[in-house]
Amino acid sequence: MRIARLLGTVLGTTLLTTTAVLTAPAHAGTAAVRDTATLDGPALRESLDAVHEAGMYGVFSSVRDGREGWTGASGVADVATGRPVTPDMRQRVGSISKTFTAVGIMQQVERGRIRLDAPVGDYLPDLIPGERGREITVRMLLHHTSGIGDYVLSAFPSLAKGSTDSLEEERFRSIRPGELVRMGLAAPATGRPGSVPGSYSNTNYVIAGLLLEKVTGQKAGTYLTHHVIDRAGLRHTYLPRTPYIKGPHPRMYESWFGVLDPPRDFSVYDMSWASTAGSVVSTTDDLNRFYRALLGGKLVGKASLDQMTRTVPVSGMDYGLGIYSLELRGCGRFWGHDGAVFGAGTIALSSRDGKRQVALAQNLMKYQELDENGRPKQHPIDDAIAVHVVRALCTDAPASGIDHSRLTKSLRFDQLSH
C-alpha cells in the first residue's frame, strides 16, 4: 500500500508507464477549479492532462500554497461509459491510512496509555507471545523495523505463482485483523527487531490497530473516526464497512503488469485485508487538510510530531512513524505518504509547515511491463506524474534545476501493497 518509489527518477527519467490502451478521448473530463496568483494553473492543468495522455485512465489532484488552492481532473472514471473523473471524487488511499493509525497511537502515547519503547508483548501478549513480543517495541512497529514479514502473499496466495486468481476469489472475503497478523508472523522474518534498514510491512500497522483497540476499548475504526478524522475536520474520509464506496468515485482498474488485459475493475472489494494498514477512503482535498492538521499540531503535540518525523531508512525511504520525508534538491523537503491498492493509487505530500501541498489520485494500477528480472520497467505515466507533483510543489524552481531521481523512486506504484 505504498508508492514511495515513483517520484524519484523523474523529469530526467521516465516514471513507470502503462501498457493499457485508452478507450476514451485523450482530454475527456479535463477540469480545473480556481486558478490562483501563486499557483500556475495552466501549467498544472497541462501536466495533469499529460498523465492521462501517457495512458492513465483518470487522474485528479489538489494543490495548495497557503490559502490558495487549485484542483483539477483529467480522463475518465469509467472506461466503458466515458464518465469523466472530477476533483472531488473519493478514492481508496491505501497506505496513507498508516499516518492516520500512527496519529491514533501517538495520541495514546500522549495520554500515557502507550510507551513507544515498551515491548508490544506488554500490551498484546496473546497476539505476539514469547521472545518476539519481548523484543519488538511499539516504535519498531511504526518505524517498520520490527522484522515482521508481510501477510499479503498469504492472503492472496496465487500472486506468488504469477496468477491473479486470488484477487477475484477473495473479492468479498472478510479477514479479521488477528488472522492477518498470524499470516505476517508466519512469514519469513525480514531482520532482527530494531535493525536498520527496516523492511516495509503492512503487518506492523495491523498490529498497531489492534494495540489501539486494546488501550482505548474501542474498535480502531471508531476511534480513528472520532479522534483523527473528525478532529482534522475531514468531511469525505472514512473507513469502509462494506465492499462499496459511498459517494462519487471512479472505477478502479488493475492490470497486474499485463496479466489482466484489459485491466479488470476492482471498484467493489472488501478492504478488511488492508485493515488499519490501508483501508481508508478519502478525497485529495481531505488528504491535504489532514496533513495540514497533523503538521500544524492540531492532532498531536510538538513532542509527538518530533517523534513522528524522526526517520530511519526503510525499503529505500526515510521513514518516520507513519510518515516519510522526500527531499527534492532545489525545492525542499516534503512529508507525507502514498498508497497503492488493487486499482487505486494515491500520493500526498506537504511542506513541513503544511503550506505547500499536493495530493494526487489515479485509477489504473500495475500498468508497467516487467523486465527480465521481474522488476517493473519505467513508464511514461510515471514521468508525467512526477512532473505534475514537482510543478505542484516547486513553483519557483525550474524543472531542469531539480533532482527528480529521488522523486521517481519514491512514487513507484509497482509494489503489491504499499
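Below, the structure is looked at part by part. For every chain, the first residue of the written sequence is number 1, and numbering continues from 1 along that sequence. pLDDT decides what is reported in this predicted model: residues at 70 or higher carry local features, side-chain atom pairs at 80 or more are listed and counted, and totals for whole chains, interfaces and linings draw on all residues regardless. With hydrogens and water excluded, all non-hydrogen atoms of the structure serve as input to the side-chain values.

1. Focus: the overall build of the protein chain
Thinking step 1. On a plain count of helices and strands, the protein chain comes out with 14 helices and 15 strands.
Thinking step 2. Here the protein chain holds 418 residues, and 60% of them are scored as buried.
Thinking step 3. Put simply, 76% of the contacts in the protein chain that link residues at least 6 apart link residues at least 24 apart.
Thinking step 4. Accessible surface computed for the protein chain: about 15200 Å², of which carbon and sulfur atoms make up 50%. Every helix listed is a DSSP run of H or I at least four residues long, and every strand listed is a run of E at least two residues long, numbered separately from the N terminus. Burial status follows relative accessibility: with a 1.4 Å probe on protein chains alone, a residue under 20% of its type maximum counts as buried, one over 50% as exposed, and anything between as partly exposed. Any two residues whose heavy atoms approach within 4.5 Å at even a single point are treated as in contact. The method behind every accessible area is Shrake-Rupley, applied with a 1.4 Å probe, and residues are considered shielded solely by the protein chains displayed.

2. Considerations on the packing of helix α2 (residues 97-110) against helix α9 (residues 220-229)
Thinking step 1. Between α2 and α9, whose axes approach to 10 Å, the crossing angle comes to 80°. Considered as vectors, α2 and α9 are oriented roughly perpendicular to each other. Along the contact surface, α2 presents Phe-100, Thr-101, Val-103, Gly-104, Gln-107 and Gln-108, while α9 presents Tyr-223, Leu-224, His-227, Val-228 and Ile-229.
Thinking step 2. Amino acids outside the nonpolar list (Ala, Val, Leu, Ile, Met, Phe, Trp, Tyr, Cys, Pro) and the charged list (Asp, Glu, Lys, Arg) are all regarded as polar, and Gly is one of them. A breakdown of the residues in the contact of α2 with α9 according to their chemical character gives 6 nonpolar, 5 polar and no charged. Simply put, an axis is a line fit to the C-alpha atoms, just over the touching stretch for a helix, and the angle between two N-to-C directions goes from 0 to 180 degrees. What sets the label is the angle itself: under 35 degrees gives roughly parallel, over 145 gives roughly antiparallel, 65 to 115 gives roughly perpendicular, and the rest give oblique.

3. Digging into the pattern of salt bridges
Thinking step 1. Criterion for a salt bridge: a side-chain nitrogen of Lys or Arg within 4 Å of a carboxyl oxygen of Asp or Glu. Inspection of every chain in the model, using the stated rule, returns 15 salt bridges.
Thinking step 2. In this structure, the salt-bridge partner of Arg-264 is Glu-168, at a minimum N-O distance of 3.4 Å. Highlighted residues: Arg-264 in strand β7 (residues 264-265) and Glu-168 in helix α6 (residues 165-169), separated in sequence by 96 residues.
Thinking step 3. Note on Arg-264: relative accessible area 35%, which makes it partly exposed.
Thinking step 4. Residues joined by salt bridges that share partners form a network here, namely Asp-78, Arg-251 and Asp-265.

4. Re the packing of aromatic side chains
Thinking step 1. Stacked, edge-to-face and tilted are the three classes for Phe, Tyr and Trp ring pairs, Trp counted by its six-membered ring, which pair at centre distances within 6.5 Å; planes under 30 degrees apart are stacked, over 60 edge-to-face, the rest tilted. Tallied over the entire structure, the rule returns 11 aromatic pairs.
Thinking step 2. Note on Phe-266 and Phe-342: the rings are 6.3 Å apart at their centroids and 50° apart in plane angle, and the pair reads as tilted. Residue Phe-266 is found in the loop between β7 and α10 (275-278), and its partner Phe-342 is found in the loop between β12 (332-341) and β13 (344-351); the two are separated by 76 residues along the sequence.
Thinking step 3. Three or more aromatic residues joined by ring pairs form one cluster here, namely Phe-156, Phe-266, Tyr-269, Trp-273 and Phe-342.
Thinking step 4. As a reminder, the over-ring test applies to NZ of lysine and CZ of arginine, requiring each to be within 6 Å of the ring centre and within 35 degrees of the ring normal. Over the face of the ring belonging to Tyr-238 we find Lys-246, whose NZ or CZ atom lies 4.3 Å from the ring centre.

5. A look at the sheet that holds β7
Hydrogen bonds along the backbone pair up the strands of a sheet, which may run parallel or antiparallel.
Thinking step 1. Overall, mixed pairing links the 3 strands, which are arranged β7-β6-β15 in an open sheet. Across the chains shown, the open sheet's two edge strands, defined by having one partner strand only, are β7 and β15 (364-365).
Thinking step 2. Note: strand β6 (residues 253-254) against β7, 2 bridges, orientation antiparallel. Bridge pairing in β7 places Glu-254 opposite Arg-264. Paired strands, as defined in this entry, are two strands with at least two bridges between them according to DSSP.

6. Comments concerning the pairing of strand β3 (residues 58-65)
Thinking step 1. Counted residue by residue, β3 has 7 buried out of 8 residues, so it is predominantly covered.
Thinking step 2. Bridge count between β3 and strand β4 (residues 68-75): 8 bridges; the pairing is antiparallel. Considered in β4, the bridge of Ser-62 is made with Thr-71.
Thinking step 3. Here β3 folds back onto β4 in antiparallel fashion, the turn holding 2 residues, of which Gly-66 has a positive phi close to 65°.
Thinking step 4. Alignment of β3 against strand β14 (residues 356-362), held across 7 bridges, turns out to be antiparallel.

7. With respect to the state of the cysteines
Thinking step 1. When two cysteine sulfur atoms lie within 2.5 Å, the pair is treated as a disulfide. A full pass over the atoms with the stated rule returns 1 disulfide.
Thinking step 2. Put simply, Cys-331 and Cys-394 are joined by a disulfide, and their sulfur atoms are 1.9 Å apart. For the disulfide bridge between Cys-331 and Cys-394, the dihedral angle about the S-S bond is near -105°, and by the sign convention the bridge is left-handed. With Cys-331 in the loop between β11 (324-328) and β12 and Cys-394 in the loop between α13 (380-393) and α14 (405-410), this residue pair connects regions lying 63 residues apart in the sequence.
Thinking step 3. The exposure class of Cys-394 is buried, given its relative accessible area of 5%.

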